[in-house]
Amino acid sequence: MTEEDNILLIGQISRKRLDLATMLDQVTRKTRDDMCADVCALMMMDEQGQVLSLKSAQGLTQTAVNAIRLPKDRGVCWRVARERRPVALPVAGDDPDFYFVPEAGEDRAASLAAAPIIDEDGDFVGVLYIQRHHGEGNAEEDALTLEKVAGKVSGAIRAARDFERQVEKAEALSELNNTARLINATNNPDLILSYTGDCVRNLIGARACSIWLVEGDRPVVKTLSGQGIDAPGIIYLAVEKALKTREVINIPDVYAHEEFKGLSASARASMTLAPMVFENKSIGVAVMADRKTPKDGYYTAFTGEEIKAFKDLAQTTTQALIRARTHRMLEETLVENRNNVRELSILFQLSMAMQRAISLDDLLRVILSCVTVGAGLGFNRAILFLVNERTGLLQGMIGMGPDSAEDAGRIWSKPDSRPNEELVSWLLERKPDGAPISSFDEKARSVRLPVTGHGAGDIVRSVVMDKKAILVKGMGDINDSDRELYKVVGCDHFALIPLIAKDNVQGAILVDNKYDQKTISESDMKLLVRFAAPAAWAIENIRLMERLSTMSKELIRLETQMARVERMSTLGEVAAEMAHEIKTPLVSIGGFARRLQNHDLDREESTRYVKIIIGEVERLEKMLRNSLDISKGVSMHIESADLNGIVEEAINFYWRILNENHVETVLDLSRDIDNVSMDPAWIRQVVINILLNAIEAMSGTDGKRKLTLTTEPTTNRPGWVSLKISDTGGGIRDMSQDEIFEPFFTTKTHGTGIGLTLAKKIVRMHHGDLEIDNKPGVGVTFVISLPCHMIPGSPEAQ
């Protein structure tokens, strides 16, 4: 048969309904037989144009089929693909592009002829080539014949290839979807990585796979189940580049790669790195190495389809890891929020209990109850220390906790030993009165630890001087200087927390879990520190309250003494003034009495002398009575009373004297004023004293005599009322207002000068003011201002 007949017969093969593998095997077998060649093979391009794969071979090792893959630009077949024209080599091994694959059973000395398979659309499909071992035939003629054969079968091969690719894609997509369902069905990162590794090895066919995830500022390799990549440190630079560029890095031949040296230590043939990108940020890199082949121990490059599947799988894994990470963060946040709510609830209840403590001892008991009770912080034992301001030592104030493991079991087994509800009430009602002091409490109260200087332990110094919370985790944290503290605690796992208020260390709380051996965690330390802050302020506040209470008692004692001294001083002044004041009436009394004794006087003259003596005696009695009122302490009986009613009572009592002195009385009493907390009898006396003073002042004038009494709310002092008493007595000339209220000061020819002094004192005892508005030539207005409510806590209010 002629060459044309053979080519026609080969063309008829392509018109049969055959699967791709069968069609290619028939084409290569017929071509080899017709051309009397030793070898005939067909290589096809992958979809991405990255790899030429051996799909059919006659005369070569059959295990090489689907195993031999030529990476881009490697071998004579890639020259055919690149130049799209036949190639004829009399001796294949002499050509620089020849890529010897001994696993295929090739012969370097054989001739080689190859032709491109190009379909009717001009798309490159693959390469058909033959080899002759003994140099028989003409390579140039063989190349032309192969070109004709390729033209006949190109369309059918492409059609079969496209159909097979669709089937393969559907199968791969199904497998990828199954893997994606597995990956998306879990939030366990280890399972996600395990499923990914299984898919890369079983579906894509990689020998090894690893995942690098960014932790902090650098990628860290994660060990996957199955076969991982050897010597992962070798590929670190490649991983960093993939992270930075966020692009796939494909290395079809690790031995010929120039950028990353030494990759052959991690891979046998090839490697592909796919960045794992989420929201334009690289979170890791997926790496696969060495495409497995049907030939054991022989590995090759990955096709474009496999690289694309790997990239898609890497993104699926990325989404799953992000979801798992988010889920973990949400769970951690939820747990943290629950813990925070619990801690805040505990701290709130403990703070409430501490605020309601009424003494320092009671407060310290509540604080340690908070620390040791199960519904509180739940530590086995606790000691509270305070810094002794006098000695500077850290002094044990109270210890709370069992003396032994047996005591702990007995105490904690009681229903009320660790309450779960109404913690505040339980803490406040839990009184230790009458209970024996435990050995632990007794030992705690005896502790005196130096803070500075010789003998001060490092732990105590750090807590008190450096204001640090210290967690002791074992004997390695305890040195010789801390032996005294260790003797008190009796275990090598405890915490010491400073109590800080106003940036000063008030003391410290020591806690341990000697009996249940529970580890004191960092979260426990944080909770202790948060609890110590309100505890320190509670101690500071109650200490301040106790100091204020002591100072208040001392001030009351001093005020009482000062009042007594003031009364004695006033009494001395009164006595001196009285010595002067009573001299004149005593002289008069003595003179008239001697006349009555030494002279015979008629009845009328004797009666006149007796009246003078009686008048002077009454004057002395009045002077003595007022003097006693000034010098002695005024006893007051406070009640809420109507100021208007008191004014009206005073006017009604003295209406006859007002009429006799021709005084017009005007009352302008406001009904908008509140009742006043006062002693009605003493305020009535103030009104009467000023009233009588006004009547006497107006009795010496010839003009109109008018007395005006006005009550009204004080506009500039809310909660106060004022009473104004105005007269037309011409005012007081040539004197200061302070002199008016001095004892025994008077401008009248008679009187004691005591009335206004007493009035001023009474108003002051009511925490009010008595002022005078003097208008010489017109008259005087006395202004009495009183608070409606007595100042709380004052002796008068009590």
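Preceding this paragraph is the structure being described.
None of the values given here were measured: they were computed from a predicted structure.

K.L.:
Could you give me a rundown of the packing of aromatic side chains, with the residues and numbers involved?
P.N.:
Under the counting rule described, the total for this entry stands at two aromatic pairs. The ring of tyrosine 299 has arginine 207 sitting right over it, with the charged end atom 5.9 Å from the ring centre. A cation sits over an aromatic face here: arginine 717 above tryptophan 720, 3.6 Å from the ring centre.

K.L.:
So what's going on with the packing of helix 4 (residues 139-184) against helix 5 (residues 189-204)? Which residues, and what values?
P.N.:
Angle between the axes and distance between the axes are the two parameters that describe a pair of packed helices. In the contact formed by helix 4 and helix 5, the axes pass within 9 Å of each other and the chain directions differ by 165°. In this view, helix 4 runs roughly antiparallel relative to helix 5, as classed from their interaxial angle. Handedness of the crossing formed by helix 4 with helix 5: right-handed. Contacts between helix 4 and helix 5 pair Ala172, Glu175, Leu176, Thr179, Leu182 and Ile183 from the former with Ile192, Tyr195, Thr196, Cys199 and Leu203 from the latter. Within the contact of helix 4 with helix 5, the residues separate by chemical class into eight nonpolar, two polar and one charged.

K.L.:
Report on the sheet that holds strand 16 (residues 470-472), specifying residues and quantitative values.
P.N.:
Spatial ordering of the open sheet is given by 15-14-13-18-17-16, a layout of six strands whose pairing is antiparallel. Each end of this open sheet is capped by a strand with a single partner; those strands are strand 15 (448-449) and strand 16. Where strand 13 (residues 381-387) lies against strand 18 (residues 504-512), six bridges are found, and the strand directions are antiparallel. From the neighbouring strand, isoleucine 383 faces strand 18, where its bridge partner is leucine 510. Packing against the sheet, helix 8 (residues 360-372) makes contact with strand 13, strand 14 (394-400) and strand 18, and its axis sits at approximately 140° to strand 13.

K.L.:
Give a detailed account of empty space enclosed by the protein, specifying residues and quantitative values.
P.N.:
By the definition in use, this model includes one cavity of 30 Å³ or more. What lines the largest cavity is a set of 15 residues, among which Leu70, Cys77, Tyr99, Glu106 and Tyr129 lie closest to the centre. Classifying every residue of the lining of the largest cavity gives 13 nonpolar, one polar and one charged.

K.L.:
Before we move on, can you summarise the pairing of strand 17 (residues 494-501) with the specific residues and values?
P.N.:
By the criterion of burial, strand 17 is predominantly enclosed, with seven of the eight residues buried. Alignment of strand 17 against strand 18, held across eight bridges, turns out to be antiparallel. What sits directly across from leucine 499, in strand 18, is glycine 507. Between strand 17 and strand 18, which pair antiparallel one after the other, the connecting turn spans two residues, and lysine 502 there sits at a positive phi close to 55°.

K.L.:
Got a sec to walk through the pairing of strand 7 (residues 206-215)? Specific residues and values, please.
P.N.:
Side chains on a regular strand alternate between the two faces of the sheet. By the criterion of burial, strand 7 is predominantly enclosed, with eight of the ten residues buried. As paired elements, strand 7 and strand 11 (residues 281-292) share seven bridges and run antiparallel to each other. Residue pairing across strands places alanine 206 opposite arginine 291, the latter belonging to strand 11. The pairing of strand 7 with strand 8 (residues 218-222) spans five bridges and is antiparallel. Residue pairing across strands places glutamate 215 opposite arginine 218, the latter belonging to strand 8. In sequence, strand 7 turns back onto strand 8 through a hairpin of two residues, with glycine 216 there showing a positive phi of about 75°.

What counts and how
- Residues numbered from 1 in each chain as written.
- Predicted model: local features only at pLDDT ≥ 70, side-chain atom pairs only at ≥ 80, totals over all residues.
- Heavy atoms only, no water.
- Phe/Tyr/Trp six-rings, centres within 6.5 Å; stacked < 30°, edge-to-face > 60°.
- Lys NZ or Arg CZ within 6 Å of the ring centre and 35° of its normal.
- Axes fitted to C-alpha atoms, helices over the stretch in contact; angles between N-to-C directions.
- Helix = DSSP H or I, 4+ residues; strand = E, 2+ residues; numbered from the N terminus.
- Parallel < 35°, antiparallel > 145°, perpendicular 65-115°, else oblique.
- Left-handed = near helix turned anticlockwise from the far one by under 90°.
- Contact = heavy atoms within 4.5 Å.
- Nonpolar A, V, L, I, M, F, W, Y, C, P; charged D, E, K, R; others polar.
- Pairing = 2+ DSSP bridges.
- 1 Å grid on protein atoms, 1.4 Å probe; cavity = no way out; pocket = protein on both sides within 12 Å on 5 of 7 lines; lining within 4 Å.
- Points joined across faces, edges and corners; volume = space filled by probe spheres on them.
- Buried < 20%, exposed > 50% of the residue type's maximum accessible area, 1.4 Å probe, protein only.

Functional significance is not addressed by these values, which are geometric in nature.
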